[in-house]
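# Overview (structure and organization)
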Amino acid sequence: MKTNRLGAVIAGAAIMLVFASCKKEECHECHYDFNGQEVELGKKCGDDLEALEKSGYAVDGVTYEVHCHEH
Amino acid sequence: MFKYFICTVILLTGFRAYTQSIQGEVVDVETKEGVPFARVTLVDFHTAVQCDENGKFTIKGRFPETIHLRAAAAGYEAVSKEVSTRENITVLLEAIHLEIDEVTVTASGNELKRNSVSYVELKSVKELNELPKASLGQLLEGIPGVYNSSTGLGISKPVIRGLQGVRVLTLLNGVRMEGQQWGGDHGMGISELGIETVEVLKGPASLQYGADALGGVLYLSNEHYENQGTHRITASSQFESNTMGTASSLIYNGATKNLKILAGGRFASHADYQVPDGRFVKNSRFRDANAKFGLGWHHGKWVGNIRYDWSSSTLGIPGHTHDSVAEMADFLSESQLRKKTLPVQYLSNHIASWENKLVLSKHTIQLLTAFTMNQLIEHDEKVTVPHLLINTFNLPYKLNVESRLKNNIVLTYGLQGMYLVQQNNPKAEDRLVPNARQNDNGAYFLVGWMKDKWRLQGGARADVRTISSSPDSKFTQPFSRTYAGYNFSLGASYSVSKKHIFRLNATTGFRIPHLSELLSRGVHHGTFRYEIGDVNLKTEKAVQLDLSYEYTGEHLSLVVNPFVNGIQNYIFVQPQDSFINGVQVFYYRQTNTPVLQAGADLGIHWHPHFAHILHFESTFSHLAMFAQNTDAYSLIPQPRWNNSVIARFEMKSRFRIDNVVLQYAYYLPQKTVSQFETTSVDYGVLDLGMQCSVASKIPLQLQFGVRNLTNTTYINHLSRLKTLGLYNPGRSYYVKLVINLNVK
């Protein structure tokens, strides 16, 4: 009985650790600056977010730097 | 027949060489009665026991014939001596009022503090925690001559005798920390979890620790393992009103006959801190997670220790704005937030070490090998793309031999070095320094001699460091150079009587220019500078003369510690009137004439006979710097006068008040500044704290109090937020609960 309880505690701790180490997907509201105004691009997550930050947002052949955080 | 002979020889040798258990007693020198519950420690073996109520003790296990034993008890002067384990041991202790010499100095070869030739400042974390703080960096400010260069509450860098960053060496259990200390905004990455003592060697200490220990050494040591056959679990939780912060930890410390374990974890989370006017400093929030593991064992003459420390911090960087003309109000908010935002710094450390010690009758051979990994990630404008991502891997080693020769001569010699690799991750947008490798190797010897009231120590050391950088289009050329360093130290201590000790030490130190000083080329957002290095920088060299006088009376102790330190080829950053991409340019430069430091640390502890519960403590630290070019130095700490009144009660009731602490730290003005630095005005901060305990089956300890009681508005001269006009934290109430579970 004692061994079972110990096993359950260890298993529980291991599950908690596994879940704790899973990285949650980050989502952020993004925008780019155009003529002194912020143009909202909406909420972007995961790979979309990363691609947008890396490559920028292209409008009519012009690529704008995208900001996805508030200060 | 031959095999029987061999067996007999082995058995006889075994019986001669080892003892199965050590027995003895600790006795009051005057009354000749046993000292109840004294702690007896075999220093080299990290093994300890507690005496019974009659002062008798038994230490189980196999130990060599001669060992280094230390006995300490509350209200007694600690004793450290070599004893024979083949006889019944009797240790005599002398009663004292002030317990200031109980501790051993790890950095000076496990000697009692009073026996150390050089003056070492030593504080236990427990003592510093009588007024708990939010971080280890803030706790260290309780040590005379030690300051804290801070960026809010989350990022702390120790400052010793006015020097910081790469000029201060931090060691955790003897392992050198390599964590991008060159950056003004890169913190220590160590928490107080499982740390027992902090030792500070002020001034150059290259003989013992190699290159870079120019300003001083901060030596942090793990908790001692529990007494043999004892297991303890300590849970603690702390709350801070100013940051709505919590810090919780759980630690296990236990020891069997031959095996010892220390393991624990800690988590802390703080929201933005509040300034005295009620507003909050934007993005000063931070989060810390730490884990620690230590496994110690001994078998006969062999002592082993495996240690592992992990830390992970998420640190907000306050003082960020996109406005071209920034005002203080831009950095403050009416609301207090905890959620991660940009810019942010992620700092993680892995420190693994393996220590092996062979304790022979006349020699102790110690080999320490370690692996450390530091990762620094800075996100400035992008959530997913780091601005900087630097990995630093280090393999330090130290082989140390201590030989106890005839006529009280101790010879210490060895080899020390490290192999360091620094890599920028290509995912990052920028690189401040190129990928590089660094190889250090050094050899040293130290001779100590003791006769009557004199203790002398002297030695020399030679080091070689090779730095080579990888080709990188951003930096002018690949860099490869070998630097050599030669150092010496000479010291003497003279005990006029047990009450008076004089110490005089001459030490040298050297610091090889850091990669950032040699090769930087880019914007360092943490410091708001465009930094340009110089590959022609020479090695910094320092010579210090340090004098100390210690008086230890029955009710009064006094320390006077003046010093003078001359640094040649002092490296500094010089602001230019040019800008690149809107960021001011700074060049690394070097002085042609020496920079001179002079100052003193003074301390007094009065324990009046008529009011035995009271302790009055006062320390004063002052530093002045002189140079032909006054731009060479900056950030000289404000002179500090620290005063405490502590009432320690010895109650026998179930609910006890252990102590009440009232502390007033007065910082004098700092008017000596460089061309682009502003002066600082004087200020005083008053803290009040109380510690209580409840004696029950599960003993509880409760601490509560208030820091900055008068809600004083001030900016410390070393605060990196000073240039933005951001104040240090206002009033903060704290409460801390500690539960200790002891199992035998």
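Residues numbered from 1 in each chain as written. Chains lettered and ligands numbered in written order. Predicted model: local features only at pLDDT ≥ 70, side-chain atom pairs only at ≥ 80, totals over all residues.

## Examining the overall build of chain A
Filter applied, for reference: Runs of E in the DSSP output that reach at least two residues are strands. Runs of H or I that reach at least four are helices, and both are numbered from the N terminus. Buried means a residue has 20 or more other C-beta atoms within 10 Å of its own C-beta, exposed means 12 or fewer, and partly exposed covers the counts in between; C-beta atoms are placed from the backbone. We call two residues in contact if the C-beta atoms placed from their backbones are at most 7 Å apart.
Along its length, chain A carries two helices and five strands. Reading the helices (α) and strands (β) of chain A from amino to carboxyl end gives α-β-β-α-β-β-β. Looking at chain A as a whole, 11% of its 71 residues qualify as buried. Taking the intrachain contacts of chain A between residues at least 6 apart in sequence as the baseline, contacts between residues at least 24 apart amount to 29%.

## Regarding the overall build of chain B
The criterion, for reference: Our radius of gyration is a C-alpha quantity, and the globule rule it is checked against amounts to 2.2 Å times the number of residues to the power 0.38.
A count of helices and strands for chain B gives five helices and 45 strands. Its C-alpha atoms give chain B a radius of gyration of 26 Å, near enough to 27 Å, the size a compact globule of 744 residues would have. Dimensions along the principal axes, computed over C-alpha positions, put chain B at roughly 85 × 65 × 50 Å. In chain B, buried positions account for 47% of the 744 residues. Long-range pairs, those at least 24 residues apart, make up 64% of the contacts in chain B between residues at least 6 apart in sequence.

## Side note on the interface of chain A and chain B
Inclusion rule: All residues other than Ala, Val, Leu, Ile, Met, Phe, Trp, Tyr, Cys, Pro, Asp, Glu, Lys and Arg, Gly among them, are scored as polar; the first ten of these are nonpolar and the last four charged.
Listed as interface residues are eleven residues of chain A and, on the opposing side, ten residues of chain B. For the side of chain A that touches chain B, the element with the highest residue contribution is helix α2 (residues 46-55) of chain A, accounting for four residues. The class makeup of the residues in the side of chain A that touches chain B is two nonpolar, four polar and five charged.

## Some thoughts on the sheet that holds strand β37 (residues 571-580) of chain B
Residue and element names in this part refer to chain B. Cut-off, in case you're wondering: A pair of strands is considered paired only if DSSP assigns at least 2 bridges between the two. Axis lines are fitted to C-alpha atoms, over the contacting stretch for helices. Their N-to-C directions set the angle, which ranges from 0 to 180 degrees.
Overall, mixed pairing links the four strands, which are arranged β33-β34-β38-β37 in an open sheet. Two strands lie at the open edges of the sheet, namely β33 (521-524) and β37, each paired on one side alone. Taken over all neighbouring pairs, the strand axes of this sheet differ in orientation by 30° on average, direction set aside. Where β37 meets strand β38 (residues 583-590), seven bridges bridge the pair, whose relative direction is antiparallel. In the sheet register, I580 faces β38, and the bridge partner there is V583.

## Here's the deal with the pairing of strand β13 (residues 155-160) of chain B
Residues and elements named next belong to chain B. Taking burial as the measure, the six residues of β13 include six buried ones, the bulk of the element. Residues I155, K157 and V159 of β13 are buried on one face, and the alternating residues S156, P158 and I160, pointing to the opposite face, are buried as well. As judged from the six bridges shared by strand β12 (residues 146-151) and β13, these two strands associate in the antiparallel manner. What sits directly across from V146, in β13, is I160.

## Remarks on the nonpolar core
The test is simple: We define the nonpolar core as any set of buried residues of the types Ala, Val, Leu, Ile, Met, Phe, Trp, Tyr and Cys, connected via C-beta atoms lying within 7 Å of each other.
The biggest cluster of nonpolar side chains holds 56 residues, and the ones touching the most others in it are V146, L171, L172, V200, V217, L218 and L220 of chain B. Grouped together as the second largest cluster of nonpolar side chains are 37 residues, V275, F280, I317 and L432 of chain B included.

## Observations concerning the sheet that holds strand β5 (residues 66-72) of chain B
Residue and element names in this part refer to chain B. Sheet architecture is open: four strands sit in the order β3-β2-β5-β7, paired in antiparallel fashion. Looking at the sheet topology across the chains shown, the edges are occupied by β3 (47-50) and β7 (79-84). Neighbouring strand axes in the sheet, compared pairwise and without regard to direction, differ in orientation by 25° on average. Pairing between strand β2 (residues 39-42) and β3: four bridges, direction antiparallel. Bridge pairing in β3 places L42 opposite T47.

## Describing α2 of chain A
Residues and elements named next belong to chain A. Defined as follows: Of all possible arcs, the one meant is that of the directions from the helix axis to the C-beta atoms.
Of the positions making up α2, those classed as buried are L49, L52 and E53. Summarising the axial view, the buried residues of α2 lie within an arc of 95°, below the 170-degree limit, and thus occupy one face. Of the residues in α2, the exposed ones pointing more than 90 degrees away from the buried face are D47 and S55. The positive-phi residue at the C-terminal boundary of α2 is G56, with phi of around 85°.

## A few points about the pairing of strand β26 (residues 363-379) of chain B
Residues and elements named next belong to chain B. Relative to β26, strand β25 (residues 344-359) is paired through 16 bridges, and the arrangement is antiparallel. When the bridges of β26 are listed, N356 appears paired with L367. One ladder, built from 14 bridges, connects β26 with strand β27 (residues 388-404); its direction is antiparallel. Residue pairing across strands places T364 opposite E402, the latter belonging to β27.

## A word on the environment of S84 of chain B
Here S84 of chain B lies in strand β7. Here the alpha-carbon distance between S84 of chain B and L69 of chain B, two residues 15 residues apart in the chain, equals 9.6 Å.

## Focus: the environment of E677 of chain B
Residue and element names in this part refer to chain B. Looking at the secondary structure, you find E677 in the loop between β42 (655-667) and β43 (683-694). Judged by local crowding, E677 falls into the partly exposed class, with 18 C-beta atoms found within 10 Å. Taking C-alpha positions, E677 is 9.8 Å from H717, a pair spaced 40 residues apart along the chain.

## Observations concerning unusual backbone geometry
Residue and element names in this part refer to chain B. For the bond running from L342 to P343, omega is -5°, close enough to zero to count as cis. Secondary-structure assignment places P343 in the loop between β24 (332-333) and β25. Phi at R161 is positive, roughly 45°, even though this residue is not glycine. Relative to the helices and strands, R161 is located in the loop between β13 and β14 (168-172). Residue N173 is not a glycine yet carries a positive backbone phi of 50°. If you trace the backbone, N173 turns up in the loop between β14 and β15 (175-176).

## Quick word on the environment of Y734 of chain B
All names here are of chain B. Here Y734 shows up in strand β45 (residues 732-743). C-alpha of Y734 to C-alpha of K697: the two residues are 37 residues apart in sequence and 26 Å apart in space. Y734 has contacts with P132, Q238, F239, E240, F704, G705 and R707, leaving out every residue within four places of it along the chain.

## A word on the confidence of the model for chain B
All names here are of chain B. Stated precisely, the cut-off is as follows: Known as pLDDT, the predictor's confidence for each residue is given on a scale from 0 to 100.
Looking at chain B as a whole, its pLDDT mean stands at 89, while 94% of the residues score no less than 70. Residue range residues 9-17 is modelled with pLDDT below 50. Its contacts to residues more than four positions away, or to other chains, number two contacts. The ipTM, which scores confidence in the relative placement of chains, is 0.72 for this predicted complex, and the corresponding pTM is 0.89.

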